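Residue-level structural notes
The chain contents come next:
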Amino acid sequence: MVADETDDMIDLKNYNLKAHNTFGIDAKCSRFLEYESVAEAQEVAKILRESSIPYIIIGGGSNLLLTKDYEGIVVHSACKGVERRGNSLICGSGEVWDDIVAKSIAMQLYGAENLSLIPGDVGASAVQNIGAYGSEVKDLIRKITAVEISTGAVREFNHTECEYGYRQSRFKHEWKNRFLIISVEYELSEAFQPRLDYGNIRAELERRNITEPTAQQLRDTIIDIRNAKLPDPKVMGNAGSFFMNPIVSREKYEQLAEQYVGMPHYEIDADHVKIPAGWMIDQCGWKGKSLGRAGVHDKQALVLVNRGGATGAEIVALCEAIQKDVKAKFDIDIHPEVNII
């Protein structure tokens, strides 16, 4: 699947990252390294070990906000390939995640439909634990293959070792910048079991007179729902959902529910409830508003957008203003899902 030979590894100086971040921020890095095989990843790891300057590892740039030029090395995977083994797909870390969802359905392998149209690469899906409409990729991941930067050794991790949580994994914390992901194995199912009871999926299917959707119909519906409320980053720079939905104590939720009748929420367990950050931002009056050249999308308050020529600093200023207002109104801290550099 992912080649073992070393070809001409991409190694560029003073490289512009505008094409590598969906906010469309014009920022440069001192050096850009891209690997497309185990051998090239091992060569990158050697360069990083021997270098004294900092480095970051990026995917498709859909979860990245650059606030200035990066005085260091940026590493990116171009590992391609999709191989089927039974009910599993082994995918190169540089593959586009949504392409994998489409290919899985074409192969009659199911379980990823609700994660349709989430931007980013395969490698980032395993780092971020992407999720949407009641599904999380952690429930599909079986194995991750990576090169350890400190040794150059090839390592494999199973789902449990990654300690996945809501938009969290060890790759975001104690393993951050320690591994170059080569491939991710997703375990899917030959039996299609649609998950329809999250968001407005069922209502939209009913509107289309679909009572028992196929996997492709479910995927098409979710794509249409997302497109209706999320701007195309090629047209208006954005990183999708900018904030994580906060999980609060049941006591806190019940206090707010008395004050805000009909407040949307999602049950986590007996003691915790998730409250949509987008709803709170909307309640604070931010939907459709701007601060300089940065703004809040008029159809989904969870999405911050570059209205044209915004700097990363302007988007951070907008983020902080929103956080302040949400804290003042609800006494809840909301945190960016986006990696701010």
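On a predicted model such as this, the values are computed, not experimentally measured, just so you know. (Residues numbered from 1 in each chain as written. Predicted model: local features only at pLDDT ≥ 70, side-chain atom pairs only at ≥ 80, totals over all residues. Heavy atoms only, no water.)

A short note on the overall build of the protein
Just so we agree on the cut-off: Strands are runs of DSSP state E lasting at least two residues, helices are runs of H or I lasting at least four, and both sets are numbered from the N terminus onward. All radius of gyration figures rest on C-alpha atoms, and the globule criterion is 2.2 Å times the number of residues raised to 0.38. Note on contacts: a residue pair qualifies if any of its non-hydrogen atoms lie within 4.5 Å across the two residues. The Shrake-Rupley method, run with a 1.4 Å probe sphere, supplies the accessible areas, and residue values consider only the shown protein chains as cover.
Helices and strands together make up the secondary structure of the protein, namely eight helices and 20 strands. The C-alpha atoms of the protein give a radius of gyration of 20 Å, which matches the 20 Å a tight globule of 341 residues would have. For the protein, contacts bridging at least 24 residues in sequence account for 63% of all contacts bridging at least 6. For the protein, the accessible area works out to roughly 15600 Å², and carbon and sulfur atoms hold 46% of it.

Remarks on the sheet that holds strand β16 (residues 272-274)
Put simply, the rule reads: By this definition, two strands are paired if DSSP reports at least two bridges between them.
On the basis of which strands lie adjacent, the open sheet formed by three strands has the order β14-β16-β15 and antiparallel pairing. Looking at the sheet topology across the chains shown, the edges are occupied by β14 (247-249) and β15 (266-267). Relative to β16, β14 runs antiparallel, the two sharing three bridges. If you follow Ile 247 over to β16, its bridge partner there is Lys 274.

A look at helix α8 (residues 312-330)
Applicable threshold: In a helix, the anticipated span is given by 1.5 Å times the number of residues less one. Summary of the burial criterion: residues with accessible area below 20% of their type's maximum are buried, those above 50% are exposed, and those between are partly exposed, where the area comes from a 1.4 Å probe applied to protein chains only. Comment: arc refers to directions from the helix axis out to C-beta atoms.
Taking 1.5 Å of rise per residue, the 19 residues of α8 would be expected to cover 27 Å, and the 27 Å separating its terminal C-alpha atoms lies within 8% of that figure. The complete set of buried residues in α8 reads Gly 312, Ile 315, Val 316, Leu 318, Cys 319, Ile 322, Val 326 and Phe 330. Down the axis of α8, the buried set is contained in an arc of 160°. They therefore lie on one face. Away from the buried face of α8 by more than 90 degrees, exposed residues Lys 324 and Ala 328 are located. Asp 331 lies just past α8 and shows a positive phi near 55°.

Some remarks on the confidence of the model for the protein
Quick note on the threshold: Per-residue confidence from the predictor is reported as pLDDT, which spans 0 to 100.
Residue-level pLDDT values for the protein average 93, and 98% of them are 70 or greater. Under a pLDDT of 50 for its full length, residues 1-6 has, in the predicted model, 26 contacts with residues more than four places off or in other chains.

Examining the sheet that holds strand β5 (residues 70-77)
Basically, it comes down to this: Comment: axis = line fitted to C-alpha atoms, over the contacting stretch for helices; angle = value between 0 and 180 degrees taken between N-to-C directions.
An order of β1-β2-β5-β3 is seen for the four strands of this open sheet, with the pairing classed as mixed. The sheet is open, and its two edges are formed by β1 (10-16) and β3 (55-58), each paired on a single side. The sheet shows a mean angle of 25° between the axes of neighbouring strands, taken without regard to direction. Here β1 pairs with strand β2 (residues 28-35) via six bridges, running antiparallel. Note on β2: the bridge partner recorded for Leu 12 is Phe 32. Each of β2, β3 and β5 touches helix α1 (residues 38-50); the most contacted strand, β2, lies at about 145° to it.

Quick look at the side chain of Ser 62
This is how the line gets drawn: Here a polar contact is taken to be a pair of N or O atoms separated by no more than 3.5 Å, where protein atoms must pair a possible hydrogen donor with a possible acceptor and residues adjacent in sequence count only if both atoms sit in side chains.
Looking at the element boundaries, Ser 62 is found in the loop between β3 and β4 (64-65). From its side chain, Ser 62 meets the backbone oxygen of Pro 119 in a polar contact 3.4 Å long. Those residues in contact with Ser 62, other than ones at most four positions away along the chain, are Thr 22, Pro 119, Gly 120 and Ala 239.

Overview of the packing of aromatic side chains
Quick reminder of the rule: The aromatic pairing rule takes the rings of Phe, Tyr and Trp, using the six-membered ring of Trp, and pairs them if the centres are within 6.5 Å, calling planes under 30 degrees apart stacked, those over 60 edge-to-face and the rest tilted. For a lysine, the NZ atom is tested; for an arginine, the CZ atom; a charge sits over a ring if that atom is within 6 Å of the ring centre and within 35 degrees of the ring normal.
The tally for this structure, following the rule as stated, stands at 15 aromatic pairs. Ring geometry for Phe 23 versus Phe 242: centroids 6.2 Å apart, planes at 70°, classification edge-to-face. Separated by 219 residues along the polypeptide, Phe 23 in the loop between β1 and β2 and Phe 242 in the loop between β13 (237-241) and β14 bring together distant segments of the chain. Considered together, Phe 23 and Phe 242 belong to a single accessibility category, that of buried residues. Here the aromatic residues Phe 157, Phe 171, Trp 175 and Phe 179 are joined through ring pairs into a cluster of three or more. Above the plane of the ring of Tyr 166 lies Lys 274, whose end atom (NZ or CZ) is 4.3 Å from the centre.

Looking at helix α5 (residues 215-229)
Taking 1.5 Å of rise per residue, the 15 residues of α5 would be expected to cover 21 Å, and the 22 Å separating its terminal C-alpha atoms lies within 8% of that figure. For α5, the set of buried residues is Ala 215, Leu 218, Arg 219, Thr 221, Ile 222, Ile 223, Ile 225 and Arg 226. Of the surrounding elements, those touching the buried residues of α5 are α2 (97-106), β8 (131-132) and α4 (201-207).

Overview of the pairing of β2
Along β2, six of the eight residues are buried, which leaves the element largely enclosed by surrounding structure. One ladder, built from six bridges, connects β2 with β5; its direction is parallel. Each residue of the ladder has a partner; that of Arg 31, found in β5, is Ile 73.

Thoughts on the pattern of salt bridges
Here is the rule we go by: Between Lys or Arg on one side and Asp or Glu on the other, a salt bridge is scored when a side-chain nitrogen of the former is within 4 Å of a carboxyl oxygen of the latter.
What the rule picks out here adds up to 24 salt bridges. With its nearest N and O atoms 2.6 Å apart, the salt bridge here joins Asp 11 to Arg 31. Residue Asp 11 is located in strand β1, and its partner Arg 31 is located in strand β2; the two are separated by 20 residues in the primary sequence. A relative accessible area of 29% places Asp 11 in the partly exposed class.

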